[in-house]
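Analysis of the macromolecular model
Spelled out from the first residue to the last, the chains are:
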Amino acid sequence: MTAKVISGVEIGKEIRDEIKVGVDKLIDSGCKPGLAVILVGEDPASQTYVKNKEKSSIQAGMKSEQIKLPETISQKELLEHVEKLNNDVSIHGILVQLPLPSHIDEDLVIKSISPDKDVDGFHPQNVGKMIIGQETFLPCTPHGIMEMLERSGIDIAGKHAVVIGRSNIVGKPMGQLLLQKDATVTYCHSKTKNLASFAKQADILIAAIGKAKFVTDEYVKEGAVVIDVGMNRDENGKLCGDVDYDSVKEVASAITPVPGGVGPMTITMLLKNTLLSAEIAQREGKCSLLQE
Ligand code: NAP
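Given the structure is predicted, the values throughout are model-derived calculations rather than measurements. (Residues numbered from 1 in each chain as written. Predicted model: local features only at pLDDT ≥ 70, side-chain atom pairs only at ≥ 80, totals over all residues. Heavy atoms only, no water.)

**Some points on the overall build of the protein chain**
Scanning the protein chain for helices and strands turns up 10 helices and 11 strands. The C-alpha atoms of the protein chain give 19 Å as radius of gyration, which agrees with the globular expectation for 292 residues (19 Å, within 12%). The dimensions of the protein chain, computed from C-alpha atoms along their principal axes, are 55 × 40 × 35 Å. Burial statistics for the protein chain: of 292 residues in total, 49% are counted as buried. (Helix = DSSP H or I, 4+ residues; strand = E, 2+ residues; numbered from the N terminus. Rg over C-alpha atoms; globule rule 2.2 N^0.38 Å. Buried < 20%, exposed > 50% of the residue type's maximum accessible area, 1.4 Å probe, protein only.)

**Describing the packing of aromatic side chains**
Applying the stated criterion across every chain, the model contains one aromatic pair. Each ring, one from F214 and one from Y219, has its centre 5.7 Å from the other, and the planes form 55 degrees; the classification is tilted. (Phe/Tyr/Trp six-rings, centres within 6.5 Å; stacked < 30°, edge-to-face > 60°.)

**Looking at the UniProt feature "domain: Tetrahydrofolate dehydrogenase/cyclohydrolase catalytic" (unreviewed entry) in the protein chain**
As annotated by UniProt and renumbered to match this structure, "domain: Tetrahydrofolate dehydrogenase/cyclohydrolase catalytic" (unreviewed entry) occupies residues 6-120. For the annotated span residues 6-120, helix accounts for 49% and strand for 16% of the residues, and the straight-line distance between the end C-alpha atoms is 24 Å. (UniProt positions renumbered as here; feature names shortened; annotations may be inferred.)

**Let's talk about the site of the ligand**
Contacts to the ligand come from 22 residues, most closely from R166, S167, S190, M231 and T266. Contacts to the ligand include S167, whose side-chain N or O atom sits 2.5 Å from an oxygen atom. Side-chain polar atom of T266 to an oxygen atom of the ligand: 2.7 Å apart, as the coordinates give it. Protein chains shield 72% of the accessible area of the ligand, which is 920 Å² for the free molecule. For the shell around the ligand, the leading source of residues is helix 10 (residues 262-283), giving three residues. (Near = heavy atom within 4 Å. Polar contact = N/O pair within 3.5 Å; in protein donor to acceptor, adjacent residues only side chain to side chain. Areas by Shrake-Rupley, 256 points an atom, 1.4 Å probe, with all protein chains shown as cover.)

**Describing the pattern of salt bridges**
Applying the stated criterion across every chain yields a total of 12 salt bridges. Across the pair E14 and R151 runs a salt bridge, and its minimum N-O distance is 2.8 Å. Residue E14 is located in helix 1 (residues 8-28), and its partner R151 is located in helix 6 (residues 140-151); the two are separated by 137 residues in the primary sequence. By relative accessible area, which is 29% here, R151 ends up partly exposed. A salt bridge links K272 to E147; the nearest nitrogen and oxygen atoms lie 3.5 Å apart. (Salt bridge = Lys/Arg side-chain N within 4 Å of Asp/Glu carboxyl O.)

**What about the UniProt feature "domain: Tetrahydrofolate dehydrogenase/cyclohydrolase NAD(P)-binding" (unreviewed entry) in the protein chain?**
Under the present numbering, the feature "domain: Tetrahydrofolate dehydrogenase/cyclohydrolase NAD(P)-binding" (unreviewed entry) in UniProt falls on residues 139-279. Summarising residues 139-279: 35% helix, 17% strand, and an end-to-end C-alpha distance of 18 Å.

**Description of the packing of helix 6 against helix 10**
Where helix 6 meets helix 10, the axes come as close as 8 Å, and the angle between the chain directions of the two elements is 105 degrees. One element, helix 6, and the other, helix 10, form an angle in the roughly perpendicular class. For the pair formed by helix 6 and helix 10, the contact residues are C140, T141, H143, G144, I145, E147, M148 and R151 on the first element and V262, M265, T266, M269, L270, K272 and N273 on the second. For the contact of helix 6 with helix 10, the class distribution of residues is seven nonpolar, five polar and three charged. (Axes fitted to C-alpha atoms, helices over the stretch in contact; angles between N-to-C directions. Parallel < 35°, antiparallel > 145°, perpendicular 65-115°, else oblique. Contact = heavy atoms within 4.5 Å. Nonpolar A, V, L, I, M, F, W, Y, C, P; charged D, E, K, R; others polar.)

**Regarding the domain arrangement of the protein chain**
Per the domain assignment, the segments of the protein chain are domain 1 (30-115) and domain 2 (140-264). The gap between the C-alpha centroids of domain 1 and domain 2 is 29 Å. (Domains from an automatic or database assignment.)

**Structural notes on the pairing of strand 4 (residues 93-96)**
Of the two faces of strand 4, the one lined by G93 and L95 and the one lined by I94 and V96 are each fully buried. Note: strand 2 (residues 34-40) against strand 4, four bridges, orientation parallel. Its bridge partner being in strand 4, I38 is matched across the sheet by V96. (Pairing = 2+ DSSP bridges.)

**Looking at the side chain of T141**
Tracing the backbone through its elements, the reader meets T141 in helix 6. If we skip the residues at most four places from it in the chain, T141 touches V170, V229, V262 and T266.

Structure below.
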């Protein structure tokens, strides 16, 4: 069996086209969605992510604001920037690029973002809403994966989903979103014993580990759907996932590549959340082009 490739580039484009229609409609009614991204320090990977987010939001027709702050900024000053954006009616989504320098309390910064503008879906209030199934901003990477599964016609209800990784931004919310769609969910992590025996039971296997080519064909049941969240460098410095693509594609029924899989979906869902936030602001009479 050679797996069907689930392309995040194609599905992402389909969703971005839908977002563009939504943005144009909102602008016609007098409201332009705005996304602000705060970048602290000079980390090259973070700079690239922020640049991509800016480019994508402009392509979607949104207002984009980038705030670049020095590595040495104090926590107090950073919180003041967030507060200013919380009160800016032309901004509907606020994102603070992680990780932050060690002298800054990341949890405190996340909590300082207004839950109404928390388009990353990391604020504890929004995490709680997600877990009890209330409408909220869903974390972008797992949300993007749900879109990939659903738009690829993959049934989730009744399936055994195994999630390897339990981070707050990927693994944990991933399992919750699959549970909400009636999957039976198993979480695995670094302390899991006999990991391969759990992974091999999965109908849907999600790898969110951060270890290059960790999941080989020995971890995968014949016909499983395999989603690779990892973004790593292999021994030649080439971008690769947590899944050993070449061996696993011979066993799986569907697989996401790296690059071109989950990656493009994450920014797409950020735009979707920003549009949603602006639509809510518009409904509540809190958005106007004139206020830019
Ligand atoms: P993270 O915070 O480092 O979490 C990694 C998880 O993997 C942890 O729960 C850890 O378990 C588990 N783990 C580590 N080694 C393991 C092992 N040997 N066996 C089983 N589990 C193991 O990473 P993350 O933020 O979730 O990201 C995971 C990967 O996805 C990274 O490669 C990251 O770059 C990538 N990523 C991609 C996107 C995208 O848009 N494509 C977005 C976010 C992240 P413990 O909890 O026990 O330590």
